[in-house]
Amino acid sequence: MEILAIEKEKLLENTHLHGFVGLHKADVLELLAKEGEYLDKEIVEGNYLFKQPVIYLWVCSNKKIFLYKKQNDDYYNNKKICGGFVRNILKCCKEFSSNPIIDSISDSMSKTFGIESSIKPKLIGFIMDDKSYLGESYIGIVGIVELDNESKIKSKEMKDGEFYSMEEIDSVLLQNSEDIEDWTRISWPHVKKYLMERS
């Protein structure tokens, strides 16, 4: 399986990301299109000379937002409460795609949720956080997708999950601060801001 990767040195030379950075404040997608390369996942995984750009996708439905716990006690999530679904960006098979990164994200997330039509995520920013377990290997592309049916969440990686109102998520994050995944904690204020501006 070939996934998108970028040499960490090239990324750091061309960007000054730390924490969450808004989509229009950094030309990360342009940099990935220019300097990124598709490599075998076995070569990239655990290789700290590279960063793996991954989508970190929040899911909304009927003005509610999905939170979940991972099924497996793996290194990257450690059964913490998560807001986003993480997926590598795969080499796009669309021969004439004008935006292979976005198309790969759409295809991957459509398969994750068992939806036949492509999901079109709204991208809002990036996460670069070298101090977290996710950030050691990945740069997050934070996106939001709105589904018209809450029952479409069928990801095998989940132990359990449900939709919450914004107020309920604020309460969950406050009451379970040590059990919240780092990227969820970092990105939630910006996801919330986007959703509030839309309503």
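Residues numbered from 1 in each chain as written. Predicted model: local features only at pLDDT ≥ 70, side-chain atom pairs only at ≥ 80, totals over all residues. Heavy atoms only, no water.

**Student:** Just to check I follow, could you spell out the overall build of the protein chain for this structure?
**Tutor:** Looking only at helices and strands, the protein chain has six helices and 10 strands in total. Counting over 199 residues, the protein chain shows a buried share of 53%. Put simply, 75% of the contacts in the protein chain that link residues at least 6 apart link residues at least 24 apart. (Helix = DSSP H or I, 4+ residues; strand = E, 2+ residues; numbered from the N terminus. Buried < 20%, exposed > 50% of the residue type's maximum accessible area, 1.4 Å probe, protein only. Contact = heavy atoms within 4.5 Å.)

**Student:** Would you explain the packing of aromatic side chains in this entry?
**Tutor:** Enumeration over the complete set of coordinates arrives at six aromatic pairs. A ring pair is formed by tyrosine 56 and tryptophan 183, whose centres lie 5.5 Å apart and whose planes are at 80°; its orientation type is edge-to-face. One end of the pair, tyrosine 56, is in strand 4 (residues 50-61); the other, tryptophan 183, is in helix 6 (residues 182-198), and 127 residues separate them in sequence. In textbook terms, an aromatic cluster arises when at least three aromatic residues are bridged by ring pairs, as seen for Phe66, Tyr68, Phe85 and Phe163. (Phe/Tyr/Trp six-rings, centres within 6.5 Å; stacked < 30°, edge-to-face > 60°.)

**Student:** What exactly am I supposed to notice about the pairing of strand 9 (residues 138-146) here?
**Tutor:** Side chains on a regular strand alternate between the two faces of the sheet. The buried fraction of strand 9 is high, at eight of nine residues. Here strand 8 (residues 122-128) runs beside strand 9; their pairing, made up of five bridges, is antiparallel. Looking across to strand 9, one finds that isoleucine 127 is bridged to glycine 140. (Pairing = 2+ DSSP bridges.)

**Student:** Teacher, can you tell me more about the environment of threonine 15 here?
**Tutor:** Relative to the helices and strands, threonine 15 is located in the loop between helix 1 (8-14) and strand 2 (19-22). With a relative accessible area of 8%, threonine 15 lands in the buried category. Between the alpha carbons of threonine 15 and valine 28 there is a distance of 7.5 Å; along the sequence they are 13 residues apart. Non-local contacts of threonine 15, meaning those with residues more than four positions away in its chain, are made with Val28 and Leu31.

**Student:** Explanation requested: helix 6 in the structure shown.
**Tutor:** Along an α-helix, residues three or four apart share an orientation, since each turn contains 3.6 residues. Given a rise of 1.5 Å per residue, 17 residues ought to cover 24 Å, and the 25 Å separating the end C-alpha atoms of helix 6 matches this to within 8%. Restricting attention to buried positions, one finds in helix 6 the residues Asp182, Trp183, Thr184, Ile186, Ser187, Trp188, Val191, Tyr194 and Leu195. (Expected span 1.5 Å × (residues − 1).)

**Student:** Help me understand the pattern of salt bridges, please; the structure alone is not making it clear to me.
**Tutor:** Side chains carrying opposite charge are able to pair once their charged atoms draw close together. With the rule as written, the count across this model stands at four salt bridges. In this structure, glutamate 35 engages lysine 10 in a salt bridge whose closest nitrogen and oxygen atoms are separated by 3.4 Å. Of this pair, glutamate 35 sits in helix 2 (residues 28-35) while lysine 10 sits in helix 1, and the two are 25 residues apart along the sequence. The exposure class of glutamate 35 is partly exposed, given its relative accessible area of 25%. A residue is classified by how much of its surface remains accessible, and lysine 10, at 27% relative accessible area, is partly exposed. (Salt bridge = Lys/Arg side-chain N within 4 Å of Asp/Glu carboxyl O.)

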